[in-house]
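Letter by letter, the chains look like this.
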Amino acid sequence: MNKFLKTFSMLAIIVIIASCSKSDSSNEVPLRDYAEQYATDIANIEEFMQTHYMEVVNNPGADDDMDVTFTKIPDGGTQVSIWNQTDYPIQTRLVEQNDITYKIYYLQLREGSGPESKSPCNVDQVLAGYRGEYLYKSTVDGVTELKGIQFEENKNPQSFLSLTGVIRGWAEIFPKFKTGVYTENPDGTVSYSDFGAGVMFIPSGLAYYRSSQGTIPSYSPLVFSFKLYEINRADQDGDGIPSYLEDINNDGYMYVFDADVTNPDDTDGDGVPDFLDTDDDGDQFLTRYEIRINVEETAIYSFDDIPTCGSNGNGKKRHLDPSCHN
Ligand SMILES: [Ca+2]
Ligand SMILES: [Ca+2]
Ligand SMILES: [Ca+2]
Ligand SMILES: [Ca+2]
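Here's a quick rundown of the structure. Everything quoted here is computed from the prediction, not taken from an experiment. The numbers attached to residues start from 1 for each chain and follow its sequence in the written order. The order in which chains are written sets their letters, starting at A; the order in which ligands are written sets their numbers, starting at 1. At least 70 in pLDDT is required for a residue's local features to be given in this predicted model, at least 80 for side-chain atom pairs to be given and counted, and no such filter applies to totals for whole chains, interfaces and linings, which use all residues. Side-chain measures here rest on the full set of heavy atoms in the structure, leaving out hydrogens and waters.

Structural notes on the pairing of strand β6 (residues 143-154)
At least two DSSP bridges between two strands are needed for those strands to be called paired. Only DSSP runs of H or I reaching four residues or more are called helices, and only runs of E reaching two or more are called strands; each is numbered from the N terminus. Here eleven bridges tie strand β5 (residues 125-140) to β6, and the two strands are oriented antiparallel to one another. Its bridge partner lying in β6, Lys137 is registered against Leu146. Between the antiparallel neighbours β5 and β6 lie two residues, among them Asp141 with a positive phi of about 50 degrees.

In C-alpha cells, the structure reads:
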C-alpha cells in the first residue's frame, strides 16, 4: 500500500470510530428553546413558592442553626406559603444569559455579620453548607403534582468551591451574603456562627439546563438552602491584586462581556476586564510591577497604599493610570 492510501485508510478508520462514538454517546436530550424552558421553569418555581411553606430552625450557635425545610401546604392547611410569608421578604436578581433576562428569587434568612464579616465577589471561592432540591412535576392518575426532591446535602463542607466553577445561580446569589464569626475550638474543630444564610430558586438555564447531573434530570429548576461559612479571595490574573479589588464599579460582580458591550470593570477598554488583565491600564507595564514599592524588589504595596501619580495624574492608583508607572 502506498503512503497516501495508508494515510487515507487510517483517516477513514478514525472518522468511522469518531462517528460511532458520537452516536453511542448521544443520550443527551435535545436542546430546548431557552425562552420556552424559562417560561416553564419560572412558572414552576412560582407555583412551588405558592403551594409550599417553609420552616426555619433558627437556633443560633447550634449545628442546625438556620436549617430550612419546605413542605406542601395540605388541603385546607393554614400554613402561610413561601410566596406570602413576610418574615423573609422575597428578593429577586435579574441575570442576562442566552438572550434572556432570568429572574432568580432568593430569601435572606440572615445576611451574616461579625467583625470580619465579608462578601465574596462572583469570582471568589466559598465554603458553604447547603441542601439542594430539584423541582419535579409529574402526573399520576390525572393528578399533576409539583415536588421538591432532595438530591444533595452537605452540612460540613470541607472544601472551597470557586464561584466560577459552579452553576451560574450560585455566583449570582452568594455575593448578596456575608460570612459570620469563625471560632477555633480547643479540639481543633471549627465553629461558625452569625453566618449568612439563605434560599435561592434557580431556573434551569442558570443551573445544569439540558445535562442531567447525578440524580437531577435535565431541565430542572433547583432550590438551594445554604449557609456561607467562609470565603477565599481569588486573583484570577495573578497580578498581585485580589480580583474583588479589581471590581471598578464596586458592585460585587465581574463579567466578561461581548466586545460590543462596555464593561464597567475594564480600565483600559481592551475587552479584557481588570480581573483577567495583567496590564490593567494598557501602558505596557504589568500591574504586578507597577504595584512594587521598589522596582528592584518584589515587595508590593498593600492595595490601599498603591500610590497615584500625584498632580500629574487622574487621581487613580498608578496601575490604573497609563500616565505613570513604577
Ligand atoms: Ca463590577
Ligand atoms: Ca483591560
Ligand atoms: Ca488585573
Ligand atoms: Ca500597566
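Text resumes after the structure shown.
Digging into unusual backbone geometry
The phi dihedral of Asp99 falls on the positive side, at around 60 degrees, and the residue is not glycine. Mapped onto the elements, Asp99 comes out in the loop between β3 (90-97) and β4 (100-110). Located in the positive-phi region is Tyr209, a residue other than glycine, with phi close to 50 degrees. Here Tyr209 lies in the loop between β10 (196-202) and β11 (222-232). Only protein chains enter the accessibility calculation, which uses a 1.4 Å probe. A residue is then buried if its area is under 20% of the maximum for its type, exposed if over 50%, and partly exposed in between. The exposure class assigned to Tyr209 is buried, which follows from its relative accessible area of 8%.

Here we look at the environment of Leu161
With respect to the helices and strands, Leu161 occurs in strand β7 (residues 161-162). Counting along the chain gives 37 residues from Leu161 to Asp124, while the straight-line C-alpha distance between them is 8.5 Å. Contacts: residue pairs with any heavy atoms within 4.5 Å of one another. Among all residues touching Leu161, those that are not within four sequence positions of it are Asp124, Gln125, Val126, Val166 and Trp170.

Observations regarding the coordination of the calcium ion (ligand 3)
For Na, K and Ca the donor cutoff is 3.2 Å, while for all other metals N, O and S atoms must lie within 2.8 Å; water is not among the atoms, so some sites may look incomplete. Bound to the calcium ion (ligand 3) on the protein side are Asp237 (OD), Asp239 (OD), Glu246 (OE), Glu246 (OE), Asp274 (O), Asp277 (O), Asp280 (OD) and Asp280 (OD), at distances that span 2.2 to 2.9 Å. All donors of the calcium ion (ligand 3) belong to a single chain; written as a sequence motif, their spacing is D-x1-D-x6-E-x27-D-x2-D-x2-D. Of this pair, Asp237 sits in the loop between β11 and α4 (287-290) while Asp274 sits in the loop between β11 and α4, and the two are 37 residues apart along the sequence. Across the pair, Asp274 and Asp237 agree in class, each one buried.

A look at the pattern of salt bridges
When a carboxyl oxygen of Asp or Glu lies within 4 Å of a side-chain nitrogen of Lys or Arg, that pair is called a salt bridge. Going through the model one piece at a time under the given rule, you end up with ten salt bridges. Linking Glu47 and Lys137 is a salt bridge whose minimum nitrogen-to-oxygen distance equals 2.9 Å. Remark: Lys137 occurs in strand β5 and Glu47 occurs in helix α2 (residues 34-51); sequence separation between them is 90 residues. In this structure, the salt-bridge partner of Glu230 is Lys118, at a minimum N-O distance of 3.4 Å. Linking Glu230 in strand β11 with Lys118 in the loop between β4 and β5, this pair joins segments that are 112 residues apart in sequence.

A closer look at the state of the cysteines
Two cysteine sulfurs form a disulfide in these notes if their separation is within 2.5 Å. Enumeration over the complete set of coordinates arrives at one disulfide. Bridging Cys309 to Cys324, the disulfide has an S-S length of 1.7 Å. Taking the sign of the S-S torsion, about -85 degrees here, the bridge from Cys309 to Cys324 comes out left-handed. Of this pair, Cys309 sits in the segment after α4 while Cys324 sits in the segment after α4, placing them 15 residues apart in sequence. This pair shows no difference in class: Cys309 is buried, exactly as Cys324 is.

Re the coordination of the calcium ion (ligand 2)
Listed as protein donors to the calcium ion (ligand 2) are Asp266 (OD), Asp268 (OD), Asp270 (OD), Val272 (O) and Asp277 (OD); their distances from the metal cover 2.2 to 2.4 Å. Read in sequence order, the donor residues for the calcium ion (ligand 2) give the motif D-x1-D-x1-D-x1-V-x4-D. For Asp268, a relative accessible area of 24% puts it in the partly exposed group.

From the geometry alone we can't say anything about function, so treat these as descriptive.
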